[in-house]
Every structure is written in C-alpha cells, then in structure tokens.
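Spelled out, the chains give:
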Amino acid sequence: MRFSLLLSLFLAIPAFAQLKWDTTEQTLKAKPGDREVVATYRFTNTGATPITIDNVHTSCGCTTAALAKNDYAPGESGQIVARMDIGNRTGHQEKSIVVTTKQNPRSPMVLRLLADIPEPVVMKPTFVMWALGESPTPKIIDIKVTDGFPVRLLKVDSDNPDIKVEVRQVHPGVELEVKVTPKDTSRPEMATLLVRTDYPSDNPQTYYAYVKVK
Amino acid sequence: MTALRQAGLIWLIAVALAGVTAAVHPKRPSFLAPPRDPNEVTLAQTQPWTGTVLWVDARPDSEFASEHIPDAVCLNFENWTKQFPKFLDHYNPGQKVVVYCSAKSCQLSREIAAKLRASGVEEAYFLEGGWEAWRQQNRP
C-alpha cells in the first residue's frame with residue numbers, strides 16, 4: 001500500500017500543456033517585393049478538456065498575431081497567423097509570439113518567427129566622414145543591386161555642391177562606384193547623396209548615403 | 001531492507017522517467033548553453049568606455065521620450081531614414097556604439113547593431129539585458 005502510494009507520487013508525470021503545436025519556430029526568407037512576412041502556427045488540443053487561449057502577445061509592434069477564436073474543444077485544431085511588417089527592416093530578424101492559456105497561465109508557449117530580409121540595394125558604407133582639417137582625399141561608396149531584385153540604379157546626386165560625386169558604372173545600372181570628395185574640410189559640411197532607382201515601378205525608391213565633415 | 005529495496009526501485013523508475021522526459025519533452029532545456037554573440041556586451045564591459053561610448057536606444061520613440069540613458073540617441077527601424085543622420089551628428093569614426101532595447105528578451109538592439117555594422121559603424125555592440133539591466137544598476 002505504502003509502496004503504491006510512493007510509486008504513484010513519482011509516476012505523477014508533469015502535466016504537459018494540452019496544446020500540441022505542429023511547429024513552434026518558423027524561418028522564412030522574404031522575397032523581392034514582399035511587404036510582410038507571414039508565418040502560421042497550427043495547434044491541436046490533445047487534452048481531455050476544453051482549453052482557452054486568453055492572450056497572444058508579440059515581442060514587437062511590427063508583428064501582429066491573429067487567432068480565429070479563443071476556445072478549443074478536445075481534439076480541435078486551430079492556428080495563429082503572425083504577420084511581420086517589413087518596413088525598413090533588413091537582415092536577420094527574430095520575433096516572438098507568447099501564447100497564454102487560461103488553464104496554464106504560468107507556462108506560456110513562446111513561438112518564434114525568424115526572418116531573413118534581403119535589401120534590394122546594398123551600399124557599403126552608407127556614410128563617409130572627414131575630420132575637420134583632414135586631407136580631402138576621396139572616399140568610395142560601393143552601391144550594388146542584390147541578386148533577384150529587378151532594380152536599376154538610375155543616378156546619384158549630392159544635395160550639396162561643395163561635396164562632389166563621381167559615379168563609375170561597374171556594371172551599368174546594377175553596380176556603381178561613387179567617389180566622394182569634399183571641396184574643403186576646413187569647415188563643417190554635410191550632404192545627402194540621393195541614389196535614385198526605378199523600383200518598385202509604382203513608387204520608385206530613393207536610397208540615401210550621407211557625407212559629413214565634422 | 002525491504003524498504004531500502006523499494007526506495008531503490010522507485011529511484012530507478014524516477015531516473016528512467018526523467019530520462020524519457022529529457023528526451024521527448026517539447027520544452028526540455030538545452031544542456032549546452034548557446035554560444036554568446038561576440039557583439040553582446042554587459043554593463044560591466046561598457047564601464048571602461050564611460051564618457052566615450054555612444055548609446056543608441058532602439059526602442060520606439062515614445063519609450064525613448066519617456067526615459068533613456070543620458071545622451072543616448074534614438075534609432076529604430078520605423079524612423080531609420082530620419083534618425084540615422086541625427087545618429088551621425090553624434091558619431092565619430094572608431095567610436096564604440098552600444099545599442100539597447102527594453103529587456104533581455106528583446107531582439108531589436110541586436111538587429112539595430114547589425115544594421116549599424118552593415119552601414120559602416122565598425123564597433124556596434126548590443127547591451128545584455130537592455131534598459132532593464134541599466135535601471136537595475138541604478139545608474140544616472
């Protein structure tokens with residue numbers, strides 16, 4: 001009797017969450033033209049009692065998570081659709097979606113959304129600087145269209161006539177070498193270089209590089 | 001003696017169950033700590049940089065406006081085009097830059113630091129624990 005009691009205590013397997021997820025982490029790669037990244041997380045209530053999802057919280061204001069309803073009967077399936085707005089984001093992004101149930105509020109499930117967002121146009125570097133009094137030796141900014149993006153680099157302008165730019169077409173329209181030279185470094189100067197493109201066709205984007213003498 | 005045997009048997013069953021849980025539980029902990037990101041710094045590591053480091057606040061504008069590390073610059077993805085030139089007003093080549101966001105769980109500081117490095121800021125790091133860690137240290 002005593003043995004059975006002790007054994008039952010050890011056999012009390014931790015109460016696993018009733019929700020079984022198909023996957024809790026998704027890695028997505030944004031394609032040219034994408035404005036958002038969408039991940040779907042499917043789940044099933046594998047428990048014997050109904051379960052209520054009472055909170056879905058995302059780690060970033062840029063991400064929303066939608067749930068069709070809150071209550072799920074035993075055996076019932078559902079899904080959470082997470083959407084991350086790309087905006088100015090580029091490179092590797094990691095967002096999390098925290099799902100809390102009414103039945104197990106202290107053990108939320110954390111879903112992860114990993115996204116790789118390529119940049120249509122890459123500039124290296126995006127700024128050049130000279131210290132006051134430094135020799136006005138030219139500095140180079142390389143501008144390149146990322147493979148797969150139907151972008152043409154049209155022209156590069158400086159908004160300050162005292163900051164001179166010379167553009168060399170490495171591969172016409174897709175790769176440029178921009179030589180930047182300040183006329184004078186004896187006083188503070190700044191300029192914005194406007195890199196004009198034809199993409200996207202409905203609202204062609206301009207990229208910016210910055211020049212400073214300080 | 002019987003009690004000892006029973007205890008041993010129970011111990012064996014417990015170990016076996018723990019092994020099964022460790023192998024199949026969806027939330028099992030990792031026994032191998034993930035490698036630390038070389039661009040992550042702690043507050044203690046930033047102390048020798050006091051007075052020269054440029055702090056970058058990657059949180060939304062409203063949180064920056066409410067409170068931030070003294071002399072920090074606000075820079076986030078939402079307003080990058082507008083805020084990056086202001087960042088350059090404060091930045092000098094070679095300067096160490098440390099980006100922070102709200103807490104340890106937040107990824108924004110890591111992402112903004114990566115974008116800064118891609119832009120040409122060579123020494124851009126992100127702060128472990130973020131603003132929460134700063135406040136806990138009760139620094140000015």
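Residues numbered from 1 in each chain as written. Chains lettered and ligands numbered in written order. Predicted model: local features only at pLDDT ≥ 70, side-chain atom pairs only at ≥ 80, totals over all residues.

Draft legend 1. Molecular detail of the overall build of chain A. Counting its secondary structure elements, chain A contains 1 helix and 17 strands. Rg of the C-alpha trace for chain A: 27 Å, well past the compact-globule value of 17 Å for 214 residues, more than 25% over. Principal-axis analysis of the C-alpha atoms gives chain A an extent of 95 × 40 × 25 Å. Of the contacts formed within chain A by residues at least 6 apart in sequence, a portion of 62% connects residues at least 24 apart. (Helix = DSSP H or I, 4+ residues; strand = E, 2+ residues; numbered from the N terminus. Rg over C-alpha atoms; globule rule 2.2 N^0.38 Å. Contact = placed C-beta atoms within 7 Å.)

Draft legend 2. Molecular detail of the domain arrangement of chain A. Looking at the assigned domains, one finds that chain A contains domain 1 (16-117) and domain 2 (121-213). Once you take the C-alpha centre of each, domain 1 of chain A and domain 2 of chain A turn out to be 41 Å apart. (Domains from an automatic or database assignment.)

Draft legend 3. Geometry of the sheet that holds strand 5 (residues 63-67) of chain A. Residues and elements named next belong to chain A. Taken together, the 4 strands give an open sheet; going across it, the order is 1-3-7-5, and neighbouring strands pair in antiparallel fashion. The strands lining the two open edges of the sheet, one partner per strand, are strand 1 (19-21) and strand 5. Ignoring strand direction, the axes of neighbouring strands in this sheet form an average angle of 25°. Across 5 bridges, strand 5 lies against strand 7 (residues 77-85) in antiparallel orientation. (Pairing = 2+ DSSP bridges. Axes fitted to C-alpha atoms, helices over the stretch in contact; angles between N-to-C directions.)

Draft legend 4. Inspection of the pairing of strand 15 (residues 175-182) of chain A at higher detail. Residues and elements named next belong to chain A. Along strand 15, the buried face is formed by Leu176, Val178, Val180 and Pro182; none of Glu175, Glu177, Lys179 and Thr181, which line the opposite face, is buried. Of the strand pairs in this sheet, strand 12 (residues 139-145) and strand 15 are connected by 6 bridges, and their pairing is antiparallel. Residue pairing across strands places Ile143 opposite Leu176, the latter belonging to strand 15. Relative to strand 15, strand 14 (residues 163-171) is paired through 8 bridges, and the arrangement is antiparallel. Paired with His171 across the strands is Glu175, a residue of strand 15. The antiparallel pairing of strand 14 with strand 15 creates a hairpin that spans 3 residues between the two strands, and Gly173 there sits at a positive phi of about 85°. (Buried ≥ 20, exposed ≤ 12 C-beta atoms within 10 Å, placed from the backbone.)

Draft legend 5. Quick peek at the nonpolar core. Grouped together as the largest cluster of nonpolar side chains are 45 residues, with contacts concentrated most on Val56, Ala58, Val97, Val99, Tyr100 and Ile112 of chain B. Residues contacting Val99 of chain B, with those up to four places away along its chain left out, are Val56, Ala58, Ser109, Ile112, Ala113, Ala124, Phe126 and Leu127 of chain B. Listed in part, the 20 residues of the second largest apolar core include Val37, Cys60, Ala65 and Tyr72 of chain A. (Core = buried A, V, L, I, M, F, W, Y, C linked by C-beta atoms within 7 Å.)

Draft legend 6. Molecular detail of unusual backbone geometry. Residues and elements named next belong to chain A. Of note, the amide linkage connecting Lys124 to Pro125 takes the cis form, showing an omega dihedral of -10°. In this structure, Pro125 sits in the loop between strand 10 (121-124) and strand 11 (127-130). The step from Tyr199 to Pro200 runs through a cis peptide bond, and the omega angle for that step is -10°. For Pro200, the position within the fold is in the loop between strand 16 (189-197) and strand 17 (206-213).

Draft legend 7. Looking closely at helix 5 (residues 108-119) of chain B. With 12 residues, helix 5 of chain B extends 16 Å between its outermost C-alpha atoms, agreeing within 8% with the 16 Å of an ideal straight helix rising 1.5 Å per residue. Those residues of helix 5 of chain B not exposed but buried are Leu108, Ser109, Arg110, Glu111, Ile112, Ala113, Lys115 and Leu116 of chain B. Of the surrounding secondary structure, the elements contacted by the buried residues of helix 5 of chain B are strand 8 (91-101) of chain A together with strand 2 (54-57), strand 4 (97-100), strand 5 (124-127) and helix 6 (130-136) of chain B. Taken from the residues just after helix 5 of chain B, Gly120 of chain B is the one with a positive phi, measuring 120°. (Expected span 1.5 Å × (residues − 1).)

Draft legend 8. Structural context of the environment of Leu108 of chain B. Residues and elements named next belong to chain B. Note that Leu108 resides in helix 5. On the basis of neighbour counts, which here come to 27 C-beta atoms within 10 Å, the residue Leu108 falls in the buried class. Beyond its immediate stretch of four places on either side in the chain, Leu108 contacts Ala58 and Cys101.

Draft legend 9. Representation of the interface of chain A and chain B. Every contact between the two is made by 24 residues of chain A and, on the other side, 22 residues of chain B. Only helix 1 (2-10), strand 8, strand 11 and strand 17 of chain A provide two or more residues apiece to the side of chain A that touches chain B. The greatest single-element share of the side of chain A that touches chain B, amounting to 5 residues, is contributed by strand 8 of chain A. For the side of chain A that touches chain B, a count of residues per class yields 10 nonpolar, 9 polar and 5 charged. (Nonpolar A, V, L, I, M, F, W, Y, C, P; charged D, E, K, R; others polar.)

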